[in-house]
Amino acid sequence: MPSPDDIFNDFTLGEEERLSLDKHGHLLIPGLLTAETSERLINSLRQVTQWGKQAVKGHEPQRFSAEFDEYLASLINHPQMLMLARNILGEDIRYDHCVSLVRPAGTPAMPWHSHEYAEDDPGLGFIRIFFYISGFTSDDGGLKVVPGSHLYRDRAIGARTDDELREGWIAGKRHPETGEELKIEYLNAAPGSVIIMWTHAAHGVVARKLGSTTRYCVVYAYRNPGRTSDARWISAGFESRPPPGCAALMPLY
Ligand SMILES: O=C(O)CCC(=O)C(=O)O
Ligand SMILES: [Fe+2]
């Protein structure tokens, strides 16, 4: 049984999981979030969505979610979150952002893309920890990926459709370690699943069906310090007055 302070059910990210993450670029952990965490997160995300209606440009509640909600902020240095991030990135880590990814019924697909960080230095890692509170299916708000694509550390991956990606970026490329041809994988996630992804991985999101429910998700990002980060969504005010215990995680370098 999880204790009341736990956000995750019993789980240790060991060598096997680390190898899988490094090989594929993502790791799906089904049902990791406790029921209570899921409930609190949904309340927080609804609140953040409300704030979003009066968004100020440059400090949008969606992008700076932890700055608009105390519960979301309290998870930045939650012991289980830090353990997960440090098991992958090593001891020296920084918080980079906390973004709400709430997709109501009818939300269109998100095109293929990747994200940047230290393209020239594979020693500097950047991970995203997605909390897929309501889960998704591969045809309804699902995340799709290209296992192995993260190893190219290419920030410029982009395509509007699966075919465009297959005929474009993927064409002729192989997994640098296994030699297998790269291909698209459509994920399915049970409610409460967590997906960890290296930031350079190619990914896109399938449209949320018109008759579906709202897909609730929030992503926390951590990285090794060493380079600037385009996605570092931390306001000056939040950086100078971080949540309790978070000061060491805030600096850029
Ligand atoms: O909404 C999602 O599932 C993923 C969104 C995304 O591409 C991102 O946060 O980088
Ligand atoms: Fe993305």
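Structural data are supplied above this passage.
Model, not experiment: these values are computed from the prediction. (Residues numbered from 1 in each chain as written. Chains lettered and ligands numbered in written order. Predicted model: local features only at pLDDT ≥ 70, side-chain atom pairs only at ≥ 80, totals over all residues.)

Caption draft 1: Quick peek at the overall build of the protein chain. A tally of regular secondary structure across the protein chain gives six helices and ten strands. At 17 Å, the protein chain has a C-alpha radius of gyration in line with the 18 Å of a compact globule built from 253 residues. If one aligns the C-alpha atoms of the protein chain with their principal axes, the spans along those axes are about 50 × 45 × 45 Å. A buried classification covers 39% of the 253 residues belonging to the protein chain. Summarising the internal contacts of the protein chain: among those between residues at least 6 apart in sequence, 85% fall at separations of at least 24. (Helix = DSSP H or I, 4+ residues; strand = E, 2+ residues; numbered from the N terminus. Rg over C-alpha atoms; globule rule 2.2 N^0.38 Å. Buried ≥ 20, exposed ≤ 12 C-beta atoms within 10 Å, placed from the backbone. Contact = placed C-beta atoms within 7 Å.)

Caption draft 2: Structural context of the site of ligand 1. For ligand 1, the full set of nearby residues is Val99, Leu101, Met110, Leu143, His203, Val205, Cys217 and Val219. Taken together, the elements giving at least two residues each to the shell around ligand 1 come down to β9 (203-205) and β10 (217-223). Of the residues assigned to the shell around ligand 1, the class counts are seven nonpolar, one polar and no charged. (Near = placed C-beta within 6 Å. Nonpolar A, V, L, I, M, F, W, Y, C, P; charged D, E, K, R; others polar.)

Caption draft 3: Geometry of the pairing of strand β4 (residues 126-132). Most of β4 is tucked away: seven of the seven residues are buried. Side chains of β4 alternate between two faces, with Phe126, Arg128, Phe130 and Tyr132 and Ile127, Ile129 and Phe131 buried alike. Relative to β10, β4 runs antiparallel, the two sharing seven bridges. Paired with Ile129 across the strands is Tyr220, a residue of β10. (Pairing = 2+ DSSP bridges.)

Caption draft 4: Looking closely at the pairing of β10. In terms of burial, β10 is a largely internal element, six of the seven residues being buried. The pairing of strand β2 (residues 94-100) with β10 spans six bridges and is classified as antiparallel. Bridge pairing in β10 places Ser100 opposite Val218.

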